[in-house]
Amino acid sequence: MCETRGRGEPDVLPVEVQDRILSGNDRTARHNREHFAEKGLLAINLMGSPGAGKTAVLEATARALKGRLRLGALAGDLETDRDAQRLMRAGIPSLSITTGSACHLDAELVHRALHGFPAADLDVLFIENVGNLVCPAVYDLGQAANVVALSVTEGEDKPAKYPVMFRKADLVLLTKTDLLPHLPEIRLETIEDALSRVMPSPRLIPFSARTGAGLEAWLEWLEARQSAALRPAASPVTA
Amino acid sequence: MHEYSIVQALVERVEAEAARLGVAAVHRLRVRIGEASGVEIELLQTAYGVFRERTLCENAELSIVPVAARWQCPRCLAEIPRGSILRCPECAVPARLSAGDEIFLDRIEMEVANV
């Protein structure tokens, strides 16, 4: 396939690669996924803006489950291990992944963290991604499902502005709904409509970590996904 | 700005291919970036400009082919116009993104010494 450019001229060799640029990340993500499947562990990639209430969702989940499922968490942040500390106090064994300047977790960071983390006795592993509505959506970590926390104070236009993250979400938790009485301009139907234009199978649970609203629906979703994760990989799970 | 880490993966991939083929210089890379992939073409070009220094891609041009997002009904294959509800009005099934998610390295044009 060389195009000869004359004697003494270098040959330019076109090499057809036709592969995903992030194929290295995809490979590690597949490895993580196999590891989770072998252990019957449900891995959830929890994403959302900084301050959307991701950590509060996990704290409320641990309180409500009262040990019904054994939870663990990897918490990604640019700096500090405050989220992991909060989760530990809530009774969730947690490890912090400090990314430095990186705006997202990738499969390799998760893989490395797993090596130092006793995930064997867990039912659900939450991977709390770096607070960001853009970058985390691009990287597969090996998770079984993506959950996006969207707080009512972020505004109704977030799904339209950040379509990639919402397109990849299996579930959106609309957090801080206890604030809705103070936000007369925010309407649930508008958010649902915005989601249905970026998310092919929209699933939204209005949620408040403070009042416990939506907790039951969220736990039901979580437990259904967790029992699906226990089924052997050979029997395909149909939606 | 995940575009930097995309560029890093790109340059590493090119360097691996070059090492495999015993290549001395890289002339041109062609990538395809989908509109719905989450990668901004301008930012990718900027990140590439910064990152390629002192790599094998230092003098290689990056050509980026944009791919428009396209939603379709998986059953009747009807187009679902952008901005509309992502559900086929006829078949009542969720639409599928059939193009526009690409973060793809198409080809590398590399220089081999003429012996």
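Just so we're clear, the structure is a prediction, and the values are computed from it rather than from any experiment.

(A) Representation of the overall build of chain A in the model. Looking only at helices and strands, one finds 8 helices and 8 strands in chain A. For chain A, the spread of C-alpha atoms along the three principal axes comes to 80 × 45 × 40 Å. Here chain A holds 239 residues, and 52% of them are scored as buried. Within chain A, counting contacts between residues at least 6 apart in sequence, those at least 24 apart form 72% of the total. Accessible surface computed for chain A: about 11000 Å², of which carbon and sulfur atoms make up 52%. Averaging the locations of the 27 positively and 31 negatively charged side chains of chain A gives two centres separated by 2 Å.

(B) Spatial organisation of the pairing of strand E2 (residues 42-48) of chain A. All names here are of chain A. Counting buried positions along E2 gives 7 out of 7 residues, so the element sits mostly inside the fold. Burial of E2 is two-sided: the residues Leu42, Ile44, Leu46 and Gly48 facing one way and the residues Ala43, Asn45 and Met47 facing the other way are all buried. In the sheet, E2 pairs with strand E5 (residues 124-128) via 5 bridges, with the strands oriented parallel. Residue pairing for E5: asparagine 45 is matched across the bridge by isoleucine 127. Judged from the 5 bridges that link them, E2 and strand E6 (residues 145-151) form a sheet pairing that is parallel. Bridge pairing in E6 links glycine 48 to alanine 149.

(C) How the structure looks around the environment of glutamate 111 of chain B. With respect to the element layout, glutamate 111 of chain B can be found in strand E6 (residues 103-112). Setting aside its immediate chain neighbours within four residues, glutamate 111 of chain B contacts Pro10 and Asp11 of chain A together with Val23, Ala24, Ala25 and His27 of chain B. Here histidine 27 of chain B takes part through its side chain, which lies 2.5 Å from a polar atom of the side chain of glutamate 111 of chain B.

(D) How the structure looks around the interface of chain A and chain B. Listed as interface residues are 33 residues of chain A and, on the opposing side, 35 residues of chain B. Buried area between chain A and chain B, both sides added, is near 3000 Å², and the carbon and sulfur share of it is 57%. When the buried surface of chain A facing chain B is broken down by residue, Ile21, Arg167 and Arg197 of chain A rank first, second and third, together holding 22% of it. At the junction of chain A and chain B, the tally comes to 3 salt bridges. For glutamate 16 of chain A, the salt bridge goes to arginine 107 of chain B, with nearest N and O atoms at 3.0 Å. At the boundary of chain A with chain B, the tally comes to 16 residue pairs in polar contact (both at pLDDT 80 or more). Residue assignment for the side of chain A that touches chain B shows that the elements contributing at least two residues are strand E1 (11-20), helix H6 (163-167) and helix H7 (188-196) of chain A. No other element matches E1 of chain A, which puts 10 residues into the side of chain A that touches chain B. Note that E1 of chain A and E6 of chain B share 8 bridges and pair antiparallel.

(E) Focus on the sheet that holds strand E5 (residues 96-99) of chain B. All names here are of chain B. The sheet built from 3 strands is open, its strands ordered E4-E3-E5 with antiparallel pairing. Edge strands, defined here as strands with exactly one partner in the open sheet, are strand E4 (79-80) and E5. Bridge count for strand E3 (residues 70-72) against E4 is 2 bridges, and the pairing is antiparallel. Each residue of the ladder has a partner; that of tryptophan 71, found in E4, is isoleucine 80.

(F) Region of interest: the sheet that holds strand E1 (residues 25-34) of chain B. Pairing within the open sheet is mixed, and its 4 strands lie in the order E1(A)-E6(B)-E1(B)-E2(B). The open sheet has two edge strands with one neighbour each: E1 of chain A together with strand E2 (61-67) of chain B. Neighbouring strand axes in the sheet, compared pairwise and without regard to direction, differ in orientation by 15 degrees on average. As defined by bridge partners, E1 of chain B adjoins E2 of chain B across 7 bridges and the pair is classed as parallel. Following the sheet pairing, valine 31 of chain B is matched in E2 of chain B by isoleucine 64 of chain B. Here helix H1 (residues 3-21) of chain B sits on the sheet and contacts E1 of chain A together with E1, E2 and E6 of chain B; the angle it forms with E6 of chain B, its principal contact strand, is near 40 degrees.

(G) Spotlight on the pairing of strand E4 (residues 94-98) of chain A. With 5 bridges joining them, strand E3 (residues 71-77) of chain A and E4 of chain A adopt parallel strand pairing. Paired with alanine 75 of chain A across the two strands is serine 96 of chain A, which belongs to E4 of chain A.

(H) Spatial organisation of the confidence of the model for chain A. All names here are of chain A. Taken over all residues, the pLDDT of chain A has a mean of 91, while the share at 70 or more is 93%. Here residues 1-5 is modelled with pLDDT under 50, and outside its nearest four sequence neighbours on either side it reaches 11 contacts, counting other chains as well. Predicted confidence for residues 234-239 stays below pLDDT 50, and this span has 2 contacts to residues more than four positions away or in other chains.

Calculation notes
- Residues numbered from 1 in each chain as written.
- Chains lettered and ligands numbered in written order.
- Predicted model: local features only at pLDDT ≥ 70, side-chain atom pairs only at ≥ 80, totals over all residues.
- Heavy atoms only, no water.
- Helix = DSSP H or I, 4+ residues; strand = E, 2+ residues; numbered from the N terminus.
- Buried < 20%, exposed > 50% of the residue type's maximum accessible area, 1.4 Å probe, protein only.
- Contact = heavy atoms within 4.5 Å.
- Areas by Shrake-Rupley, 256 points an atom, 1.4 Å probe, with all protein chains shown as cover.
- Lys, Arg positive; Asp, Glu negative; His and termini not counted.
- Charge placed at Lys NZ, Arg CZ, Asp CG, Glu CD.
- Pairing = 2+ DSSP bridges.
- Polar contact = N/O pair within 3.5 Å; in protein donor to acceptor, adjacent residues only side chain to side chain.
- Buried area = accessible area lost by both parts, 1.4 Å probe.
- Salt bridge = Lys/Arg side-chain N within 4 Å of Asp/Glu carboxyl O.
- Axes fitted to C-alpha atoms, helices over the stretch in contact; angles between N-to-C directions.
- pLDDT = per-residue confidence, 0-100.

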